[in-house]
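Notes for the structure review
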Amino acid sequence: MEKKSFNWRAFVGCVFLLPACIIVVAGLTQSLLGFSEFNEALERTGVLSVLDHPAVVIGGLVIAFGINAIPIFKLKFVREDGTLVGMVRTKNTILNLAAIALTLFLFVSILGYSIAENFQIIPR
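The model shown is predicted, which means the values in this text are computed figures rather than measured ones. Per chain, residues are indexed from 1 in the order of the written sequence. Side-chain atom pairs in this predicted model are given and counted only at pLDDT of 80 or more, local residue features only at pLDDT of at least 70, and totals for whole chains, interfaces and linings cover all residues. Water and hydrogen atoms were dropped before computing side-chain values, which therefore reflect all heavy atoms in the structure.

**Some points on the overall build of the protein chain**
- Helical segments are the DSSP runs of H or I of at least four residues, strand segments are the runs of E of at least two, and each set is numbered from the N terminus. A count of helical and extended segments in the protein chain gives five helices and two strands.
- Projecting the C-alpha coordinates of the protein chain onto the three principal axes gives extents of approximately 60 × 60 × 25 Å.
- A buried classification covers 22% of the 124 residues belonging to the protein chain.
- Should any heavy atoms of two residues lie within 4.5 Å, those residues are considered in contact. Within the protein chain, counting contacts between residues at least 6 apart in sequence, those at least 24 apart form 63% of the total.
- A total accessible area of about 9600 Å² is found for the protein chain, and carbon and sulfur atoms account for 68% of it.
- His is not counted here, nor are the chain ends, while Lys and Arg score as positive and Asp and Glu score as negative. In this description, the location of a charge corresponds to atom NZ of lysine, CZ of arginine, CG of aspartate or CD of glutamate. If the 10 positive side-chain charges of the protein chain are averaged to one point and the 8 negative ones to another, these points end up 15 Å apart. Type-normalised accessible area, obtained with a 1.4 Å probe on protein chains alone, sets the label of each residue: buried when under 20%, exposed when over 50%, and partly exposed for intermediate values. Surface exposure here means Shrake-Rupley accessible area, sampled with a 1.4 Å probe, where a residue is shielded only by the protein chains that are shown.

Structure (structure tokens):
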């Protein structure tokens, strides 16, 4: 039987996704389901003040994307007949792809929320 190795990159990437995941889940449970207990518990424990900083949330998303993109995407540039030819090769590792998909979902959710919350129509 073949021994399966543990995917450390996917695990570490998911650890860096925790702050963004907590913020998005807390926002969705409050806005869609009307449960504010999760947000109140985060505020009572003081966790929200640490997790709410943009450097923690966006930095975690960038680091998680970078850690999981390294084993998947390989770039190669070759000079042929005076032109530069670029090649992108992808490797199918399902856990890393899932972590990248979760990273992109969280980033789009946070970006969409920030645009929708701060967008104002000014009548003229």
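**A word on the layout of surface pockets**
- By volume, the largest pocket amounts to about 400 Å³.
- Computed over the protein atoms alone on a 1 Å grid, cavities are sets of points where a 1.4 Å probe fits but cannot get out and pockets are open sets with protein on both sides within 12 Å along at least five of seven lines; a residue lines them when it has an atom within 4 Å of a point. If you trace the largest pocket, you find 14 residues lining it, with Ile 23, Val 24, Gly 27, Leu 28 and Tyr 113 closest to the centre.
- Mapped by element, the contributors of at least two residues to the lining of the largest pocket are helix 1 (8-33) and helix 5 (94-118).
- For the lining of the largest pocket, the element with the most residues is helix 1, which contributes seven residues.
- Amino acid classes used here: Ala, Val, Leu, Ile, Met, Phe, Trp, Tyr, Cys and Pro are nonpolar; Asp, Glu, Lys and Arg are charged; the rest, including Gly, are polar. When its residues are assigned to classes, the lining of the largest pocket shows seven nonpolar, six polar and one charged. Grid points are joined across faces, edges and corners, and a volume is the space filled by probe spheres set on the points.

**Regarding a positive patch on the surface**
- Residues Arg 9, Lys 74, Lys 76, Arg 89 and Lys 91 make up a contiguous surface patch of positive charge.
- If you trace the backbone, Lys 76 turns up in strand 1 (residues 73-80).
- On the basis of relative accessible area, Lys 76 is assigned to the partly exposed category, the value being 49%. Here the term patch refers to residues with relative accessible area over 30% and no salt bridge, with like charges joined within 9 Å and nonpolar side chains (Val, Leu, Ile, Met, Phe, Trp, Tyr) within 5 Å. Salt bridges are counted wherever a side-chain nitrogen of Lys or Arg sits within 4 Å of a carboxyl oxygen of Asp or Glu.

**Quick look at the state of the cysteines**
- When two cysteine sulfur atoms lie within 2.5 Å, the pair is treated as a disulfide. For the structure on display, the rule yields zero disulfides.
- As a non-bridged cysteine, Cys 14 has Cys 21 as the owner of its nearest cysteine sulfur, 9.0 Å distant.
- In this structure Cys 14 comes out as partly exposed when scored by relative accessible area, which is 34%.

Geometry only, nothing functional implied.
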